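Below are the chains, spelled out letter by letter.
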Amino acid sequence: MQHLSIVTTGGTIDKIYFDDKSAYEIGDPQIGKILEALGVAFTFDVLPALRKDSLHLDAGDRDLLRRLIEAQPHRHVLVTHGTDTMVETAAVLGSIKDKVIVLTGALNPARFQGSDAVFNVGCAVGAVQSLPDGVYIAMNGRIWNPAHVRKNRDANRFEQA
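Every value quoted in this text rests on a predicted model; they were computed, and no experiment measured them. (Residues numbered from 1 in each chain as written. Predicted model: local features only at pLDDT ≥ 70, side-chain atom pairs only at ≥ 80, totals over all residues. Heavy atoms only, no water.)

Colleague: Would you take a moment to explain the pattern of salt bridges for this structure?
Modeller: Oppositely charged side chains may form a pair once their charged atoms are brought near each other. With the rule as written, the count across this model stands at 10 salt bridges. As a salt-bridge pair, Arg66 and Glu70 come within 3.0 Å of each other at their nearest N and O atoms. Residue Arg66 and its partner Glu70 are located together in helix α2 (residues 59-70), separated by 4 residues, close to a single helical turn. (Salt bridge = Lys/Arg side-chain N within 4 Å of Asp/Glu carboxyl O. Helix = DSSP H or I, 4+ residues; strand = E, 2+ residues; numbered from the N terminus.)

Okay, here's the thing in structure tokens:
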């Protein structure tokens with residue numbers, strides 16, 4: 001892989017918390033800073049499509065993402081996405097041909113010490129360059145088929161559906 005297109009939607013990975021009541025807003029995409037800090041050996045561009053909590057994404061947002069990803073000239077696409085509706089978005093993207101699309105996110109904001117963001121992004125980068133065309137989810141150290149995974153909110157992790 002020479003180039004990676006990254007589409008960001010917001011979600012926990014980009015959240016910024018302001019006070020003890022957990023008031024937050026979606027900040028700037030963090031993935032570019034993560035990849036730069038890691039010194040990756042490929043070029044990438046970051047396309048900030050949305051700044052939403054995934055619970056607020058609707059059919060129009062998912063259609064926008066599908067069209068944006070289809071229009072990318074590069075085969076390898078990584079999507080940062082909120083974890084609550086990542087599976088639903090992956091299903092919409094499943095019709096896209098001739099691309100490897102990996103969705104990832106974080107259960108804790110990237111700006112938090114001990115966040116899973118860097119680990120999930122690294123796992124997603126490895127996946128996007130080694131898998132055949134299709135749509136995948138990279139979370140909790142595993143690559144998931146979106147049709148067979150769910151988020152377990154009580155355990156705060158992804159698991160086999």
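Colleague: Just checking my understanding: could you explain helix α3 (residues 86-93) for this structure?
Modeller: Given 3.6 residues per helical turn, the α-helix brings residues three or four places apart onto the same face. Taken together, the buried positions of α3 are Met86, Thr89, Ala90 and Leu93. Along the axis of α3, the buried residues cluster in a sector spanning 105 degrees; they form a single face. Looking at the buried positions of α3, the neighbouring elements they touch are α2, β6 (100-104), β7 (134-139) and β10 (157-160). (Buried < 20%, exposed > 50% of the residue type's maximum accessible area, 1.4 Å probe, protein only. Arc of directions from axis to C-beta. Contact = heavy atoms within 4.5 Å.)

Colleague: What is the right way to read the environment of Ile101 from this model?
Modeller: Assignment of secondary structure puts Ile101 in strand β6. Separated by 26 residues in the primary sequence, Ile101 and Arg75 have C-alpha atoms spaced 8.3 Å apart.

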